[in-house]
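# Understanding the architecture of this molecule
Given next are the chains, with one letter for each unit.
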Amino acid sequence: MPTPLPDDLLALLRRPSPCFIATLMPDGSPQLTQTWVSTDGQHIVINIVDGMQKARNIARDGRVAVNVVDPDEVFRYYAVRGRVIGVTTEGGAESIDEISQKYLGTPYPNFTGQPETRLVVTIEADTITPPARG
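Now for a description of the structure that goes with this document. (Residues numbered from 1 in each chain as written. Predicted model: local features only at pLDDT ≥ 70, side-chain atom pairs only at ≥ 80, totals over all residues. Heavy atoms only, no water.)

## Brief notes about the overall build of the protein
Helix and strand content of the protein: 3 helices and 7 strands. On C-alpha atoms alone, the protein measures out to a radius of gyration of 14 Å, which is about the 14 Å that the 2.2 N^0.38 rule sets for 134 residues. On the principal axes, the C-alpha backbone points of the protein span a range of 45 × 40 × 25 Å. Burial status across the protein gives 40% buried among its 134 residues. Here the contacts in the protein between residues at least 6 apart in sequence split such that 70% fall between residues at least 24 apart. As presented, the protein carries roughly 7500 Å² of accessible surface, and 55% of it is formed by carbon and sulfur atoms. Computed over 12 positive and 16 negative side-chain charges, the separation of the two mean positions in the protein equals 5 Å. (Helix = DSSP H or I, 4+ residues; strand = E, 2+ residues; numbered from the N terminus. Rg over C-alpha atoms; globule rule 2.2 N^0.38 Å. Buried < 20%, exposed > 50% of the residue type's maximum accessible area, 1.4 Å probe, protein only. Contact = heavy atoms within 4.5 Å. Areas by Shrake-Rupley, 256 points an atom, 1.4 Å probe, with all protein chains shown as cover. Lys, Arg positive; Asp, Glu negative; His and termini not counted. Charge placed at Lys NZ, Arg CZ, Asp CG, Glu CD.)

So, in structure tokens, the structure goes:
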């Protein structure tokens, strides 16, 4: 059953917050990578390069775990477990430029210099562990 994203998590998703996503390798072991993150107001949205390990893992098994960190207080983060409910190339280039503006203040600089097909990945939360309050 999907879990709605709390307002505080939505606020972090709209900021340049550090994000880590775990996907599952073919042997079932976790693969963890840092990524930029966004939201459509209901889901977690990431933008990745088609063909990379993360994309291959998601295509095979859509179960993921995502940690979104408060950039002002790095010990405060949300832990989300969920599943990918959508992957599309539609709007991928525009999406990465928008996310890059949030993180870098510029359009996406394409760090590799190689042609990329960008995938917009939509994640629905199943469980959300809120930050601990000290």
